[in-house]
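Notes for the structure review
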Amino acid sequence: MWLEVITPEKKMFEGEVDAVRFPGIDGSFQVLRGHAPIISSLTEGKIKVDLANHETDFDEFSGSFEPDDSSNSRVIRITISGGVMEMQNDKIIVLAD
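Here goes a summary of the coordinates provided. Computed from a predicted structure; not experimentally measured. (Residues numbered from 1 in each chain as written. Predicted model: local features only at pLDDT ≥ 70, side-chain atom pairs only at ≥ 80, totals over all residues. Heavy atoms only, no water.)

**Considerations on the overall build of the protein**
So the rule is basically this: Here a helix means four or more residues in a row that DSSP labels H or I, a strand means two or more in a row labelled E, and each is numbered from the N terminus. Buried means the residue's accessible area, taken with a 1.4 Å probe over protein chains only, is under 20% of the maximum for its type, while exposed means over 50%, and partly exposed covers the values in between. Two residues form a contact once any of their heavy atoms are found within 4.5 Å. Here the accessible surface of atoms and residues is derived via Shrake-Rupley with a 1.4 Å probe, and residues count as covered only by protein chains that are part of the display.
Secondary structure summary: the protein contains zero helices and nine strands in total. Taken from N to C terminus, the helices and strands of the protein fall in the order β-β-β-β-β-β-β-β-β. When burial is assessed residue by residue, the protein has 38% of its 97 residues classed as buried. The contacts in the protein between residues at least 6 apart in sequence include a share of 56% that link residues at least 24 apart. If you sum the accessible surface of the protein, you get close to 5,600 Å²; carbon and sulfur atoms cover 46% of it.

Below is the structure:
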């Protein structure tokens, strides 16, 4: 599925992912390929992204991303202050603060 994370300043991330875990206002939740359409408010926290491949270069993102605590190089975390996410037809758009 496709993920875009957009802030007022820039597009932070765009790419193919296998799974995404969000900091929802009522607790964290995860979406996978084929998930039903959803719109949700997000709170301050980290978006956990399971990348579809290993070939992602994080140097250009200036510290907006951090590798996951585990040794899995396909998992990254993106820190946000809040926002809104929408998923429809295996495309996720995050409007983040």
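Continuing now.
**Considerations on unusual backbone geometry**
Positive phi values are uncommon outside glycine, yet asparagine 89 reaches one of about 55 degrees. Structurally, asparagine 89 can be placed in the loop between β8 (83-88) and β9 (91-96). Phi is positive for aspartate 90, close to 60 degrees, though the residue is something other than glycine. Position of aspartate 90 among the secondary structure elements: in the loop between β8 and β9. Take aspartate 90: its relative accessible area is 25%, and that puts it in the partly exposed class.

**Some details on the nonpolar core**
Note the following rule: We define a nonpolar core as any set of buried Ala, Val, Leu, Ile, Met, Phe, Trp, Tyr and Cys residues linked to one another through side-chain atoms lying within 4.5 Å.
Counting residues in each nonpolar core, the largest one holds 22 residues, and the members touching the most others are Leu3, Val20, Phe22, Val49, Ile78, Ile92 and Val94. Of all the secondary structure elements, the ones that give two or more residues to this core are β1 (2-6), β2 (11-24), β3 (27-32), β5 (45-51), β7 (75-80), β8 and β9. Examining the composition of this core, we find that five residues originate from one element, β2, more than from any other.

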